[in-house]
Amino acid sequence: MNKETPETFTPPANPYDLFKEWLTLAEAQEVNDAGAMCLATASPDGKPSARMVLLKNLDKRGFVFYTNNESNKGEQIASNKHAALCFHWKFLRKQVRVEGTIEEVSREEADAYYNTRHRNSRVGAWASKQSRPLGSYDELKNFVERYEADFEGKENIPRPPYWKGFRLKPKNIEFWIDGDYRLHQRYLYTKNENGIWSNGMLYP
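Residues numbered from 1 in each chain as written. Predicted model: local features only at pLDDT ≥ 70, side-chain atom pairs only at ≥ 80, totals over all residues. Heavy atoms only, no water.

**Side note on the pairing of strand β8 (residues 185–191)**
Here is the rule we go by: Here, any two strands with at least 2 DSSP bridges between them count as paired. Helix and strand assignments follow DSSP, with helices taken as H or I runs no shorter than four residues and strands as E runs no shorter than two, numbered in order from the N terminus.
Relative to β8, strand β7 (residues 163–177) is paired through 6 bridges, and the arrangement is antiparallel. Paired with Ile177 across the strands is Gln185, a residue of β8. With 6 bridges connecting them, β8 and strand β9 (residues 197–202) associate as antiparallel partners. Across the sheet, Tyr187 pairs through a bridge with Met201, a residue of β9.

Structural data, given as structure tokens:
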């Protein structure tokens, strides 16, 4: 793959087109989880937390991920809708940063994705009290066995009420391309009140 230079690279008008192009390249080259992204949230008083989650859907509305709503990140999302994402693809030497606000996806959308998960993952969603203290791994395995027994013979395992999907609706999306001698290329897309994207370059 040829390395883009400011002379050869022209960013498209829509940032989603560029993101999907880069994600496709990452899926072909990254060893694991090309859709892995660092999700940063904050408490009401601004104390930040960050963790890796997986991108599960992308459309013109934004970037979708799923989690236990009773986890630390779920509680922070409930109290502070501002959040950020960062994708870093080491082998591509590219990065994407996204900033915006978070909304909950519809129950229908969450149900549809939950039902595509492996049965064991659906059972695990019931067994895990995400982010809360765990006495031992045996305790977790006991909960898994309990729910496996509860759902024995049932193919349609319902989605737990606390297991939800969230969409980060971007206000800004920045694309970063590694440059020689730290002279990186940075392209910032900004959405205005009418939903129209504009873009320009940033100093590295």
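Moving on from the coordinates now.
**Digging into the packing of aromatic side chains**
To keep it simple, the criterion reads: Stacked, tilted and edge-to-face pairs are distinguished by plane angle, under 30 degrees for stacked and over 60 for edge-to-face with tilted covering the rest, among Phe, Tyr and Trp rings (Trp via its six-membered ring) whose centres lie within 6.5 Å. Exposure classes here rest on a 1.4 Å probe applied to the protein chains alone. A residue is buried below 20% of its type maximum, exposed above 50%, and partly exposed in between.
Counting across every chain of the model gives 19 aromatic pairs. Judged by centre distance (5.9 Å) and plane angle (50°), the rings of Phe19 and Trp89 are tilted. Of the two residues, Phe19 is situated in helix α1 (residues 15–29) and Trp89 in strand β5 (residues 82–89); the sequence distance between them amounts to 70 residues. Among the residues examined, Phe19 registers a relative accessible area of 1% and is labelled buried. Given the relative accessible area of 1%, Trp89 is considered buried. The interplanar angle of 10° and the centroid separation of 6.1 Å between the aromatic rings of Tyr113 and Trp163 together place this pair among those described as stacked.

**Points about the environment of Glu104**
Operational definition: We call two residues contacting when some pair of their heavy atoms lies within 4.5 Å.
Of note, Glu104 is situated in strand β6 (residues 94–104). Separated by 18 residues in sequence, Glu104 and Cys86 have C-alpha atoms that sit 20 Å apart. When residues no more than four places from it in sequence are discounted, the contact partners of Glu104 are Lys164, Gly165 and Phe166.

**A word on the side chain of Asn68**
Our working definition: Side-chain atoms alone can form a polar contact between residues adjacent in sequence; in general such a contact is a pair of N or O atoms within 3.5 Å, and within protein one must be able to donate a hydrogen while the other accepts it.
Within the secondary structure layout, Asn68 lies in strand β4 (residues 62–68). Judged by its relative accessible area of 3%, Asn68 falls in the buried class. A polar contact of 2.7 Å, which involves the side chain of Asn68, links it to the backbone nitrogen of Glu70. Asn68 has contacts with Gly74, Ser128, Gln130, Arg132, Tyr162 and Trp163, leaving out every residue within four places of it along the chain.

**Focus on the packing of helix α4 (residues 119–127) against helix α5 (residues 137–150)**
Heads up, the rule is: In this description, a line fitted to the C-alpha atoms serves as the axis of each element, helices being fitted only across the stretch in contact, and the angle between N-to-C directions of two axes falls anywhere from 0 to 180 degrees. Each helix crossing is assigned a hand: it is left-handed if the near helix lies turned anticlockwise from the far helix by less than a right angle, otherwise right-handed if that turn is clockwise. For this classification, Asp, Glu, Lys and Arg are treated as charged, while Ala, Val, Leu, Ile, Met, Phe, Trp, Tyr, Cys and Pro are nonpolar and the rest, including Gly, are polar.
Running from N to C, α4 and α5 cross one another at 115°; their axes reach a closest spacing of 9 Å. Considering only the axes of α4 and α5, their crossing is right-handed. In contact with Val123, Trp126 and Ala127 of α4, α5 contributes Leu140, Phe143, Val144, Tyr147 and Glu148. Across the contact of α4 with α5, the residue classes break down as 7 nonpolar, no polar and 1 charged.

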